[in-house]
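# Structural description and commentary
Here is what each chain is made of, one letter per residue.
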Amino acid sequence: MLDPDISTQDALRLLTVRDEPMPDDVVGMDRRRFLQMMGWGVGAGAALGTLGEVILPSMVPDRLREAWAASPVGPNDGILVLIGLFGGSDGLNVVVPYNNGAYYQQHGALAIPAGQVLPLDGQVGLHPNLPYLKSLYDSGDVAVVQGVGYPNPDLSHFSSMATWMDGGPISGMPTSGWIGRWLDGLAGDDLFRAATVGQGLPLHLVGNVKRGTAIPQWGIGFGGGSDQHDLWMYNAVRAMSAAPAGRGQWHDAVATSMRGVIDVGQMVGPVFDQPLPDGDLVKKMTVAARLINADLGLRVVDTGYDGFDTHSSQPGNLVSLLSDLDAALAAFFAALDPRFRSRVTVMTYSEFGRTSWANDSSGTDHGTVNNHFVVGAGVKGGLYGQQPNLAGLGRWDRMGFNVDFRSLYATVLDGWMGGGSSSVLGANYPNLGFFDQAPGVSNGGNGVSPPTQVGDYVGVNPARLYDSRTADRLAPLGPGTTVEVSVLGRGGVPAAGVTAVVLNVVSVNASGGSSFCVWPKGEAKPNVANVTVPVGFATGSLVVSKVGAGGRVNITNESNSADCVVDVVGYFGTATASRLQSITPFRALDTRNGTGGRLGALGPNTAIDLAVRGVGGVPGDADAVVVNVTAVAPTAFGYVTVWPSGEARPFASSLNFPSGAAVPNMVVAKIGANGKIGVFNANGNTHIVVDVVGYMSATAPGRYYPLPAARVWDTRTGGNSPAGPGTTVTLPVLGVGGVPASGVSGVALVLAAKGPTQNTFVTAWPSGVAKPYVSSLNPRVGVDVSNLTFVKVGGDGAVQVYNENGLVNLVVDIVGYFTG
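Overview of the structure. Numbers given to residues run from 1 along each chain, matching the order in which its sequence is written. Two thresholds apply to this predicted model, a pLDDT of at least 70 for residue-level local features and 80 or more for giving and counting side-chain atom pairs, whereas whole-chain, interface and lining totals are computed over all residues. Values shown for side chains rest on all heavy atoms present in the structure; no hydrogens or waters enter the calculation.

### A look at the nonpolar core
- By size, the foremost hydrophobic cluster in this structure holds 49 residues, and its most contacted members are Ile-292, Leu-325, Phe-332, Val-344, Val-346 and Phe-373.
- Of the residues forming this core, the biggest block, 9 residues, is contributed by helix α13 (residues 314-335).
- Any pair of residues with heavy atoms lying within 4.5 Å of one another is described as a contacting pair. For Val-344, the contacting residues outside a window of four places in its chain are Ile-79, Val-81, Ile-292, Phe-332, Leu-336, Val-375, Gly-376, Ala-377 and Trp-416.
- Throughout this description, the term nonpolar core refers to a set of buried Ala, Val, Leu, Ile, Met, Phe, Trp, Tyr and Cys residues connected via side-chain atoms within 4.5 Å. When accessible area is computed with a 1.4 Å probe and restricted to protein chains, residues below 20% of their type maximum are described as buried, those above 50% as exposed, and intermediate ones as partly exposed. In terms of nonpolar packing, the next biggest core, distinct from the first, is built from 38 residues, Val-145, Val-206, Val-403 and Phe-405 among them. Put simply, DSSP H or I for four residues or longer makes a helix, DSSP E for two residues or longer makes a strand, and each gets a number counted from the N terminus.

The following block contains the structure:
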């Protein structure tokens, strides 16, 4: 028989199950079992050594299910973060009825003095250790639900906790929970729809046929590493499952499952790359925010902490517990990517409240009623329900409830999670009406969906992230081959708070003409050629890509075969940093005529410094400069590196070129402390031209919004014809392809030249000003080329594109914009 005085910890333990397959889950060696073995429960070293002990008769290879990939959260899907206040929090000292004499009489020395309360109205206020929560309430983002309980309450931690976790009709011992049954109603079987930050699964995340996932707050084992040696090992394991090995079905099944474990680990691993703060709940809520930022498809994240069973020494204990709650909420919203701010709601819950009368040990005993918080941008802030009536209560009396806790659940399910509360809860419960906006809606509920992401720029010393010629792959990319490149937590890019990365993507050793397409993992592949791949020589292009699921970007080679090299040069993030100021381009360096202080080609292994800060419209506070760098008349195959002057030159290329060709590439270069950038030529002799098209500084206006590529001009379609010599075309860009109709200072364009009949150059610049003497693209006869460029938007909302010589088909895609 269960002890009615069971502790909070023992109740939680009994209401938590191992994160393992359902009893009738005959899906073979599935994801969850391998997560357990590979560092999420058993450990990598034991996985294969104990294989004979964990294989069940149902685990046959032909039933093996591959479902490792996470699907990102939809733009209008609500995300729910749960915070369990285990032990039964003292609701009267959390939401304080400071104008009620009975409260001060019954709570005695435990009562919060009225002068310390953070008032919400003339009757109630928050505990003084909840200042951050109070600031959210003042912003209209907190619903305080008062007097929450249920009929015929049970004062046992176990029984009452089971009732809250079940969420259904109160009858007998529950076998499933309300979130788990909500999962049962979702299509598919995605591993990352619901997760608890902890080791085991609490009952409320267990359904009849589906369940959530447990993610330990200290990180994961095998599959989650990010250093080069780990990645080499993971790629070697992945190679085992690339094709049947001829060693039988079990070998192939194990190899496929091992690959899936690595993929899962790499999706979740970046969450733990950066140090986590101290404090149990603060750490869990920070992990929760990072998991949401990773866009793995999580709709529910469960957290919680205990200690609220304050039978004694309540004043000091409650101060500490509520300080932790306030700090955890602040840490969560600080870590949460703004793109999810309008899609996340936080809700507290507890198995019961405390008595209205203090006991003789400076504490309170198990009660029946509590107050809870619902927090988020979609919440209609205010007070809901009523404070419990304290009048006439004796020493051992319990307060009556005003709001059934299942109304709290029903309002969240129907108002935020897509509906179905009556099926999940087994009955209809009143909607409390504390949502005034749907998920993904911002700006006061006016129905305007926010941009996907926004970011300030941070430059890094260029670092190599991927090279198919090394252990990253050891083979070129074949036709139609897609590779994934992990970008978060590497090369100076943080593990969280990143909206887009700035990469230099290079093709090497191509067997024939092709193109590379770069896009965020988990999203639809766009119709854009970020890098036009020629045969016979290496070439590259700057790419700004939104970060996809698991902190990764995809790169697809369209045809033939080619090696791929990826260097990171910076990122756009949610923290305040540098922003873009697009300018009318000007020439800062031309070694053919001495512009910029250098006359004569750069020889092999030669570097020069180029002053850019305080030059030609670039201010003294600029952190980075946006330049188009062109190699002219090189005498050998080679590459150019641009990096911050005064820092160690990295092993990375900014520009790759063959002998005899004029080849440009856009570069976002961090400026050195001396106000200069370094320019290095590796091989042969080559002239260098540098055109400045913008700069990054803390005082500039432009925050970057990545967009799915949208084609705005293609001379090959729609009755157009190739651009002739001296041709200028004006292209409206405001209100086009996802760019707003106002508030835009510049656009990010991919320019591509197809089939040029002569050597030429192409210039892009803001409409309404004279064409500058600069080049954005340098096609040579018969060779397709492409380049990214940032272009200031003219006063009429347009940009202009000019072709100098011959006939050439031009293609222009918008891939992002900068705010004005």
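After presenting the structure, the write-up continues.
### A few points about the packing of aromatic side chains
- Here the aromatic set is Phe, Tyr and Trp, taking the six-membered ring for Trp, and pairing holds for ring centres within 6.5 Å; pairs whose planes are under 30 degrees apart are stacked, those over 60 apart are edge-to-face, and all others are tilted. For the structure on display, the rule yields 20 aromatic pairs.
- Here the aromatic rings of Tyr-150 and Phe-405 are separated by 5.8 Å at their centres, their planes lie at 75°, and the arrangement is edge-to-face. You can see Tyr-150 sitting in the loop between β6 (142-149) and α8 (157-166) and its partner Phe-405 sitting in helix α14 (residues 405-415), a full 255 residues away along the chain.
- Using a relative accessible area of 0% as the deciding quantity, one classes Phe-405 as buried.

### Describing the sheet that holds strand β16 (residues 482-486)
- A pair of strands is labelled paired if DSSP reports no fewer than 2 bridges between them. Read from one edge of the open sheet, 4 strands run β16-β21-β18-β19, paired in antiparallel fashion. Two strands lie at the open edges of the sheet, namely β16 and β19 (531-533), each paired on one side alone. Taken pair by pair, the neighbouring strands of this sheet meet at an average axis angle of 25°, ignoring direction.
- As defined by bridge partners, β16 adjoins strand β21 (residues 552-557) across 5 bridges and the pair is classed as antiparallel. Bridging across to β21, Val-483 finds its partner in Ile-555. To define axes, lines are fitted to C-alpha atoms, for helices over the stretch in contact only, and angles between the resulting N-to-C directions are given on a 0 to 180 degree scale.

### Comments concerning the packing of helix α7 (residues 131-138) against α13
- The geometry of α7 relative to α13 is characterised by a closest axis approach of 7 Å and an angle of 55° between their N-to-C directions. Relative to α13, the element α7 lies oblique. Together, Pro-131, Tyr-132, Leu-133 and Leu-136 of α7 and Asp-326, Leu-329, Ala-330 and Phe-333 of α13 make up the contact between the two elements.
- Under the scheme applied here, ten amino acids are nonpolar (Ala, Val, Leu, Ile, Met, Phe, Trp, Tyr, Cys and Pro), four are charged (Asp, Glu, Lys and Arg), and all others, including Gly, are polar. The residue inventory of the contact of α7 with α13, partitioned by class, reads 7 nonpolar, no polar and 1 charged. Angle categories are assigned with fixed cut-offs, so that under 35 degrees is roughly parallel, over 145 is roughly antiparallel, 65 to 115 is roughly perpendicular, and the rest are oblique.

### Quick look at the pattern of salt bridges
- Salt bridge criterion: a side-chain nitrogen from Lys or Arg within 4 Å of a carboxyl oxygen from Asp or Glu. One pass over the structure, following the stated rule, counts 22 salt bridges.
- Glu-484 is the partner of Arg-552 in a salt bridge, and the nearest nitrogen-oxygen pair spans 3.6 Å. Here Glu-484 lies in strand β16 and Arg-552 lies in strand β21, a separation of 68 residues in the sequence.
- Arg-552 gets classed as buried once you look at its relative accessible area, which sits at 5%.
- A salt bridge links Glu-647 to Lys-670; its shortest N-O distance comes to 3.7 Å. In this pair, Glu-647 sits in the loop between β26 (638-644) and β27 (655-657) while Lys-670 sits in strand β28 (residues 663-670), placing the two residues 23 residues apart along the sequence.
- Given a relative accessible area of 32%, Glu-647 falls into the partly exposed group.
- One connected set of salt bridges, linked through shared partners, spans Arg-464, Asp-467, Arg-469 and Asp-567.

### What to know about the sheet that holds strand β37 (residues 809-819)
- The strand order across the open sheet built from 4 strands is β31-β37-β33-β35, with neighbouring strands paired in antiparallel fashion. Both edges of this open sheet fall to β31 (704-714) and β35 (785-792), since each of them pairs with a single strand only. Geometrically, the sheet is characterised by an average inter-axis angle of 20° between neighbouring strands, direction not taken into account.
- Across 8 bridges, strand β33 (residues 744-754) lies against β35 in antiparallel orientation. Its bridge partner being in β35, Val-747 is matched across the sheet by Val-791.

### As for α7
- All buried positions along α7 are accounted for by Leu-133, Lys-134, Leu-136 and Tyr-137. For α7, the angular spread of buried residues about the axis comes to 160°, placing them on one side.
- Tucked inside the fold, the buried residues of α7 contact β4 (118-119), β5 (125-126), β6, α13, β12 (370-376) and β13 (382-385).
- Gly-140 sits one or two positions beyond α7 and adopts a positive phi of about 85°. To be clear, the arc concerns the directions from the helix axis to the C-beta atoms.

### Observations concerning the side chain of Ser-160
- With respect to the helices and strands, the residue Ser-160 is situated in helix α8.
- In contact with Ser-160, not counting residues within four places along its chain, are Tyr-150, Asp-154, Glu-351 and Phe-352.

### Examining empty space enclosed by the protein
- Buried and open spaces are told apart on a 1 Å grid over the protein atoms alone, a cavity being a set of points where a 1.4 Å probe fits but cannot get out and a pocket being an open set with protein on both sides within 12 Å along at least five of seven lines. Residues with an atom within 4 Å of a point are the lining residues. Grid points are joined across faces, edges and corners, and a volume is the space filled by probe spheres set on the points. The full count for this structure, using the stated rule, is 6 cavities of 30 Å³ or more.
- Taken as a whole, the largest cavity holds about 150 Å³ of empty space.
- Forming the walls of the largest cavity are 18 residues, and the residues nearest its centre are Phe-537, Thr-539, Val-663, Pro-664 and Val-785.
- If you tally residues by element for the lining of the largest cavity, the top one is strand β20 (residues 539-546), at 3 residues.
- Of the residues belonging to the lining of the largest cavity, the class tally is 10 nonpolar, 6 polar and 2 charged.

### Quick notes on α8
- With 9 of 10 residues buried, α8 lies mostly within the body of the structure.
- Near the N-terminus of α8, the side chain that reaches the backbone nitrogen of Phe-158, with its oxygen 3.2 Å away, is that of Ser-156. Pairing of N or O atoms within 3.5 Å defines a polar contact, subject to two protein rules: one partner must be a possible hydrogen donor and the other a possible acceptor, and residues neighboring in sequence count only if both atoms are side-chain atoms.

### Looking at the side chain of Lys-134
- Relative to the elements of secondary structure, Lys-134 occurs in helix α7.
- Lys-134 sits in the buried class, given a relative accessible area of 15%.
- Each residue touching Lys-134, except ones within four places of it in the same chain, is listed here: Leu-118, Pro-119, Leu-120 and Leu-126.

### So, the packing of helix α12 (residues 280-293) against α13
- Interaxial distance between α12 and α13 falls to 8 Å at its minimum, and their mutual angle equals 20°. Relative to α13, α12 is oriented roughly parallel. The handedness of the crossing between α12 and α13 comes out as right-handed. Of the residues in α13, those touching α12 at Leu-281, Val-282, Met-285, Thr-286, Ala-288, Ala-289, Ile-292 and Asn-293 are Asp-324, Leu-325, Ala-327, Ala-328, Leu-329, Ala-331, Phe-332 and Ala-335. Throughout, a crossing is termed right-handed when the near helix is turned clockwise from the far one, and left-handed when it is turned anticlockwise from it by less than a right angle.

### Notes on the environment of Met-347
- Relative to the helices and strands, Met-347 is located in strand β11 (residues 344-349).
- In the structure, Met-347 is positioned 205 residues away from Val-142 in sequence and 9.8 Å away in space, judged by C-alpha atoms.

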